[in-house]
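Observations on the model geometry
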Amino acid sequence: MLGDVAKPHPGYKRALTLLNDRFRKSKLAQRLAVLQSAAWLIDVLERTTTVL
């Protein structure tokens, strides 16, 4: 939902890394924290891209 505006932002790649690599490599107990971190980062990206 972030669209093409967010793709060049460095946080976009970090969010993808959290949701893919880090999530798969983390233990079951840590996955909730990874998802919360990714959700927070995506929220920040949504707010910054709407300002731009």
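Structure: above.
Predicted, not measured: the structure shown is a model, and the values here were computed from it. (Residues numbered from 1 in each chain as written. Predicted model: local features only at pLDDT ≥ 70, side-chain atom pairs only at ≥ 80, totals over all residues. Heavy atoms only, no water.)

1. Points about the nonpolar core
Most often, soluble globular proteins have nonpolar side chains that are buried together. Note the threshold: For our purposes a nonpolar core is just a set of buried Ala, Val, Leu, Ile, Met, Phe, Trp, Tyr and Cys residues, chained together by side-chain atoms within 4.5 Å. Per-residue accessibility, obtained with a 1.4 Å probe over protein chains only, is compared with the maximum for each type, and a residue is labelled buried under 20%, exposed over 50%, and partly exposed between these values. Counting from the N terminus, the helices are the DSSP runs of H or I reaching at least four residues and the strands are the DSSP runs of E reaching at least two. Contacts were defined at the residue level, with two residues in contact if any of their heavy atoms lie within 4.5 Å.
Ranked by size, the top nonpolar core spans 5 residues in total: A15, L18, V34, A38 and L41. Elements that contribute at least two residues to this core include exactly α1 (10-25) and α2 (31-51). If you tally residues by element for this core, the top one is α2, at 3 residues. Contacts of L41, omitting those with residues within four sequence positions, involve G11, R14, A15 and L18.

2. A few points about the pattern of salt bridges
Two side chains bearing opposite charge may form a pair once their charged atoms approach each other closely. Worth spelling out the cut-off: Salt bridge, as used here, is a side-chain nitrogen of Lys or Arg placed within 4 Å of a carboxyl oxygen of Asp or Glu.
Taken as a whole and judged by the stated rule, the model has 1 salt bridge. One salt bridge in this structure joins R47 and D43, with 3.3 Å as the shortest N-O distance. With R47 and D43 both in helix α2 and 4 residues apart, this pair spans about one turn of that helix. Among the residues examined, R47 registers a relative accessible area of 57% and is labelled exposed. A relative accessible area of 31% places D43 in the partly exposed class.

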